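Chains, contacts and geometry: an overview
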Amino acid sequence: MNPIATMMFLTSLAIGTTITLSSHHWLLAWIGLEINTLALLPIMTKTPHPRAIEAATKYFLTQATASALMLFSCLINAMQTGEWDINTPSNLTTNSLSIAIMMKLGLAPMHFWLPEVLQGIPLMTGLILSTWQKIPPMILLLQISHSVNLNLTVIVGLTSVLIGGWGGIGQTQIRKIMAFSSIGHLGWIITILKLNPQLSLFNFILYVVMTTAMFLSVITLSTTKMSQISTSWTKNPALTTTIMLILLSLAGLPPLTGFPPKLLIIMELIKQNMLISASLVMLASLLTLFFYLRLTYIITLTLSPNTHNSTIWRTATKPSLVLTIINTMALTLLPLTPTILFT
């Protein structure tokens, strides 16, 4: 793709996100989301492969459906309340607005588009879809968190954690694994949204950091399958080890970055006397833990029989400074958790 066109589309992504984040008007927020969607479609199809075209079509249809439902809800809200302010949704339209935004995020049971779309696009575009494109809908949900239905968020959150773990168990493709990982993590975030929006935002920030670290690492190694990561040990043993630790961080094991949000969410659910929800979300997360541990085993404890130990075959890939910083943050932010929550 022409560099000027790429820059134009990336700028449009930034503008769409900025419009959504800075608006107090539902129509402006909707326009920002539409600019985001339309700017990403050419980036998804920059390699004219049938799978990329199919992924872009699925993404467009899903986002268009969610946008239509969101605009319809906003119109009904404006008719009822006489204003377009984001912070004052009516009781009638809150549920439909929440469902439309959750569809844009890819939460279960509106998640079917996400694994297929991620599998059909390049890794760098998958990084944008898994992190940057989640920011505007998530901020909108946080803005209306005071009026969302608690039962809806808990049910969708528990379903997403369960689907995220169950769907990822049999996967070997990195992009599909990251899609189900995204569904699971967003399920944790939505579960606590009504009770503690600040904790949801904290969890979302750490999710973005860990997902970015994972995608940048596999982009550096130019791998799309787990078996390719296991054979990349001879090329870059440090980065392969880091990928293994990032997977454990995504699983939420201490003392890595992914542990504090899960611990704090469980503590908040217990504090709110939602013991059944806390127990269910912990049991559902065991599925996720299982497939992350399985992937860790594939990466570190299995080597191809054709792997040669000689340094002659090493074609080392040099990690960039950005990758180093992101990977460090994805592994070592546990001691800084109180500071981050305080700020």
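As annotated in an unreviewed UniProt entry, the protein carries the name NADH-ubiquinone oxidoreductase chain 2 and comes from Odorrana schmackeri. Note on the protein: under the UniProt heading Catalytic activity (unreviewed entry), the record states "a ubiquinone + NADH + 5 H(+)(in) = a ubiquinol + NAD(+) + 4 H(+)(out)". Heading Subcellular location (unreviewed entry) of the UniProt record for the protein holds this comment: "Mitochondrion inner membrane".

**Considering the overall build of the protein**
Helix and strand counts for the protein stand at 16 helices and zero strands. The C-alpha atoms of the protein give a radius of gyration of 20 Å, which matches the 20 Å a tight globule of 343 residues would have. Taken over the C-alpha atoms alone, the protein extends approximately 75 × 50 × 35 Å along its principal axes. Relative to its 343 residues, the protein shows a buried fraction of 52%. A sequence separation of at least 24 residues applies to 77% of the contacts in the protein between residues at least 6 apart. For the protein, the separation between the mean place of its 15 positive charges and that of its 6 negative charges on side chains is 20 Å.

**Comments concerning the UniProt feature "domain: NADH:quinone oxidoreductase/Mrp antiporter transmembrane" (unreviewed entry) in the protein**
Annotation from UniProt places "domain: NADH:quinone oxidoreductase/Mrp antiporter transmembrane" (unreviewed entry) at residues 23–288. Within the segment residues 23–288, helix and strand shares are 75% and 0% respectively, and the terminal C-alpha atoms sit 36 Å apart.

**Considering the packing of helix α12 (residues 237–251) against helix α14 (residues 275–300)**
Packing of α12 against α14 brings their axes to within 9 Å, and their N-to-C directions diverge by 170°. Taken together, α12 and α14 sit at an angle that is classed as roughly antiparallel. The residues of α14 that touch α12, namely those facing Thr240, Ile243, Met244, Leu247, Leu248, Leu250 and Ala251, are Leu289, Tyr292, Leu293, Leu295, Thr296, Ile299 and Thr300. Grouping the amino acids of the contact of α12 with α14 by side-chain chemistry returns 11 nonpolar, three polar and no charged.

Thresholds, definitions, all that
Residues numbered from 1 in each chain as written. Predicted model: local features only at pLDDT ≥ 70, side-chain atom pairs only at ≥ 80, totals over all residues. Heavy atoms only, no water. UniProt positions renumbered as here; feature names shortened; annotations may be inferred. Helix = DSSP H or I, 4+ residues; strand = E, 2+ residues; numbered from the N terminus. Rg over C-alpha atoms; globule rule 2.2 N^0.38 Å. Buried < 20%, exposed > 50% of the residue type's maximum accessible area, 1.4 Å probe, protein only. Contact = heavy atoms within 4.5 Å. Lys, Arg positive; Asp, Glu negative; His and termini not counted. Charge placed at Lys NZ, Arg CZ, Asp CG, Glu CD. Axes fitted to C-alpha atoms, helices over the stretch in contact; angles between N-to-C directions. Parallel < 35°, antiparallel > 145°, perpendicular 65-115°, else oblique. Nonpolar A, V, L, I, M, F, W, Y, C, P; charged D, E, K, R; others polar.

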